[in-house]
Structure formats: structure tokens, C-alpha cells
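Remarks on the overall topology
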Amino acid sequence: MVGYHPKPGSRSVKLRSLSVCFVALLFSCEAANKPPAQARETAREPVRGPVSIVLDTDIGPDVDDVGALAMLHALADRGEARILGVMSSNPNQWAAPAIDVVNTYFGRGDLPIGAPRNGGVVIANAYGWNEAIVPHYPHNLDRTDDATDAVVAYRKLLAAQPDRSVTLVTIGFLTNLKNLLASPQDALSSLGGKQLVAKKVKQLVVMGGKYPRGKEFNLEQDPEAAVAVVENWPTPILFSGSEVGEKVFTGSALVRDSTLANSPVREAFRFYLAKDQQPARPSWDQTAVLVAVRGHADYFNAVAGQCRMYRDGHNEWTPSPNGPHRYLTFKRPPAEIQAVVEDLMRHPPK
Ligand SMILES: [Ca+2]
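None of the values given here were measured: they were computed from a predicted structure. (Residues numbered from 1 in each chain as written. Predicted model: local features only at pLDDT ≥ 70, side-chain atom pairs only at ≥ 80, totals over all residues. Heavy atoms only, no water.)

**Focus: the sheet that holds strand β2 (residues 81–88)**
In any sheet, the strands associate via hydrogen bonds between backbone groups, in a parallel or an antiparallel arrangement. So the rule is basically this: One requirement defines pairing of two strands: DSSP has to find at least two bridges between them. Comment: elements are numbered from the N terminus, with helices defined as DSSP H or I runs of at least four residues and strands as E runs of at least two. In this description, contact between two residues means that some pair of their heavy atoms is separated by no more than 4.5 Å. Angles shown run from 0 to 180 degrees and are taken between the N-to-C directions of axes, each axis being a line fitted to C-alpha atoms and, for helices, limited to the stretch in contact.
Taking strand neighbours across the sheet as the criterion, the 11 strands line up as β4-β3-β2-β1-β5-β6-β8-β13-β11-β12-β7 in an open arrangement whose pairing is mixed. Each having just a single partner strand, β4 (148–149) and β7 (213–215) make up the two edges of the open sheet. Both strand β3 (residues 113–115) and β4 contribute to a ladder of two bridges, which runs parallel. By the bridge assignment for β4, A115 is matched with D149. Against the sheet, helix α3 (residues 95–105) contacts β1 (51–57), β2 and β3, and its axis sits at roughly 160° relative to β2. Where helix α9 (residues 223–232) meets the sheet, it contacts β6 (201–207), β8 (237–240), β11 (300–309) and β13 (325–330), and its direction lies at approximately 115° from that of β11.

What follows is the structure, encoded as C-alpha cells:
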């Protein structure tokens, strides 16, 4: 997701700061009456096998995608996730190379990378962090056009996985997932896209929408895709709405960590935050990756129901105990989730 960029000291920044302080105070009072949370990365041990996962990102307009991808590699190094591939929903020519840089930095330069082959919403690189960072780090893909067609990449990797075993997490537009659902049977699978997803996918996690109603960047950019996916997706969907990530600010400890001198993750945040003139960035995309791998229960509540998506890009929620969708609300204070995310983002390569 991409946030607004008000000038420091502006009314909106001050209002946001006041609201953040209020929320922090509220949660600190609440937290004082609870047992210490199992929040820091270092205090948590994996309790189950790795989650097989595909990340679908619009990497470029914001830097939280970089943090989310770094987190996913950290969770893979900890044995909590097994990354099957990374897709860009953004056909911008810097998107796939940026993914390749982060994958290569974490020793996974051979992971499949997909991108939309026809159409898609091309988003410019706000602040130009990827043009500035990507050329200085090892990678193989020079242009997003050199990546595999995302539909082919999805079909190939899903066909090879056990039934109901794959978690998909999208932190950008739903373009690739719409195309996947509509894909016909082929040499990779005798199943059409929707049937293939129903057979192989366990859950879809979406950073998108605002709950219980509103309009959010990721779903708004390709509303046709958002409507198609939200209405037709054949597995449960868990949404992390904009109201979640906007309260979790990360990046400041990452940028201060001098032990990560050669990290493209740190460089991307350093570059972006300097241009944004802010000490940290909301963690829209990282919250989605966190719950996709670890589940929501340690950090968030999940409200059951059904999300309705409209062609003007807004969404609306209908509560229902047996609905196919859920959205996150805070169970733990945002500051605790911030510490978990920030620690994972500072994870060095093995
Ligand atoms: Ca994103």
C-alpha cells in the first residue's frame, strides 16, 4: 500500500501524531494489566512446520514491500516459511529486478519471479528508491519484462505442491490473482485456474481494503481485479486493512543498524525515509506477511464475515460468523507488533 505524504509539521501529520500517541497510551494502559507478551522475534520459537508461501507484491511505489520481502526471508531462515516464488503485480521495469536483489541478498536468487505479461497497472517509483538501489546489488533480472509470466509461474508452482498446502499473500494489486483464476487448463495442469487454486491453496492473505468499509490503494488501483478475486476466490481470505498497518511504524531501527552496512533492505529504507523526512514508515505489507506465516492469533483478532468489493474501488463488510472472509483487528498493542516486524526486517542473511 502507498500512504499519503504530508509535509512534516502539517496539520495532518500533527493529527496523526496525536492519534498515534493516544492509541499508544490506550494500549500501554491495557498492556499494564496483561502478562508480558511473547513479542520479540528472538523470544519466539517455531511451533509448526514451514508455511509454503508465495508473495505477490507491487514493489516500487512504497518501501514497505521491501520490508515485507525481507521479513519473509527472515522467517524462511528461521524455518517458519518455505518461499515458493515471488510475483510482481506491478509491470514497472524496476519491480522484478528489485525483488531479485532482495532474493539474491538472502541467498535465494534462484526463486521464481513472475510479473503480468499483458496489461496491469504500471505504478511509478515514488522517490526513486529502486533506481537508486538496484544497480548497486547483485541480481540477474535486468527488467520486469524478463520475468516469467506470473500466470505461468503460479500454475507451475501450484501444480507441483500438495493439495491445500499453499498460502498466497498479496501486498499489491490483485491483477495476477485475477488472471490466475481465469487461466485455462494447459500443459502445466489439467485444471482451470479457479479449480487449481481450490485444490492447492490453503488461504489467501490480502493487504487491501479498509474495514469495516472504505477505500484503499491496493484494491483501488485495479478494482476490476479486486472485484473478480474477492467475489470468486475459492479459499478463505484474511484481510489486513489499511487501518492496521498504518499504526505500526517501522524502519528506524533498521536504518540505525550499522551491522547491516551491505543490506539493500536497509539502503532502500534509508533512501526512502530520508526523502519522506520521516523516522519510520507504516507497515501495511509487513503485517500481512506476519499473519500469513505465523497466523493471526498471537497478535490480532480476526472478524468473520464477507467483504463486498465495488468497481469504484471501495469495499464494505458484512459480519457473519460463517463468512468466507476475515479481517484483522489489534489484539496486542501496535508497539509490540512493531518490535516483531522491526526485528525480522533487521535479520541478516545466513
Ligand atoms: Ca505494496
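**Topic: the side chain of E342**
Spelled out, the test is: Only protein chains enter the calculation, and the probe is 1.4 Å; a residue is then buried if its accessible area is under 20% of its type maximum, exposed if over 50%, and partly exposed in between. Only four residue types enter the tally: Lys and Arg on the positive side, Asp and Glu on the negative side; His and the chain ends are excluded. Any Lys or Arg side-chain nitrogen located within 4 Å of an Asp or Glu carboxyl oxygen qualifies as a salt bridge.
Mapping E342 onto the fold places it in helix α14 (residues 334–345). Salt bridges are absent for the buried E342, whose nearest opposite-charge side chain, R346, sits at 5.9 Å. Discounting chain neighbours no more than four positions away, the residues touching E342 are F249, T250, G251, S252, A253 and L254.

**Some details on the nonpolar core**
This is how it is decided: Nonpolar core, defined: a set of buried Ala, Val, Leu, Ile, Met, Phe, Trp, Tyr and Cys residues in which side-chain atoms within 4.5 Å join the residues together.
Within the largest apolar cluster, 64 residues are counted, with the highest numbers of intra-cluster contacts made by V66, W129 and V169. Per-element accounting of this core gives the leading share, nine residues, to helix α2 (residues 64–77). With sequence-adjacent residues up to four places away left out, V66 is seen in contact with I59, V102, W129, V265, A268 and F269. Ranked by size, the runner-up nonpolar core spans 33 residues in total, among them W233, I237, F239 and C307.

**Quick look at the side chain of D65**
By secondary structure assignment, the location of D65 is in helix α2. Buried and unpaired, D65 has no salt bridge, with R281 as the nearest side chain of opposite charge at 8.8 Å.

**Points about the packing of aromatic side chains**
Remark: the centre distance and the inter-plane angle together describe each pair of aromatic rings, the angle taken between the planes. The cut-off we apply is this: Aromatic rings from Phe, Tyr and Trp, with only the six-membered ring used for Trp, were paired whenever their centres fell within 6.5 Å, and each pair was classed as stacked if the ring planes differed by under 30 degrees, edge-to-face if by over 60, and tilted otherwise.
Here the structure, examined in full by the defined rule, presents eight aromatic pairs. Considering the side-chain rings of Y211 and F239, the 5.4 Å spacing of their centres and the 40° angle between planes classify their relative orientation as tilted. Of the two residues, Y211 sits in the loop between β6 and β7 while F239 sits in strand β8, which places them 28 residues apart along the sequence. Look at F239 and you get buried, because its relative accessible area is 0%. Linked through ring pairs, Y211, F239, W317 and Y327 together constitute an aromatic cluster.

**A closer look at the packing of helix α5 (residues 150–159) against helix α7 (residues 193–200)**
The condition that has to hold: In what follows, roughly perpendicular refers to angles from 65 to 115 degrees, roughly parallel to angles under 35, roughly antiparallel to angles over 145, and oblique to any angle outside these ranges. Whether a crossing is left-handed or right-handed is set by the direction in which the near helix is turned from the far one by less than a right angle, anticlockwise for left-handed and clockwise for right-handed. Polar here means any residue outside two lists: the nonpolar Ala, Val, Leu, Ile, Met, Phe, Trp, Tyr, Cys and Pro, and the charged Asp, Glu, Lys and Arg; Gly therefore counts as polar.
At their nearest, the axes of α5 and α7 sit 10 Å apart, and the two run at 40° to each other. Relative to α7, α5 is oriented oblique. For the pair α5 and α7, the crossing hand works out as left-handed. Of the residues in α7, those in contact with R155, L158 and A159 of α5 are G193, L196, V197 and K200. Residues of the contact of α5 with α7, tallied by class, amount to four nonpolar, one polar and two charged.

**Points about the pairing of β2**
The cut-off we apply is this: Crossover handedness is defined by viewing with both strands directed away from the observer: a clockwise path from the first strand over the helix to the second marks the crossover as right-handed.
Of all eight residues that make up β2, seven are buried, and the element is covered over most of its length. Pairing of β1 with β2, which is carried by seven bridges, proceeds in the parallel orientation. Within β2, the residue paired with L55 across the bridge is V86. In this view, the connection linking β1 to its parallel neighbour β2 by way of α2 has right-handed handedness. Pairing between β2 and β3: two bridges, direction parallel. Bridged to V86 within β3 is I113. Taking the sense of rotation as the criterion, the β-α-β connection linking β2, α3 and β3 turns out right-handed.

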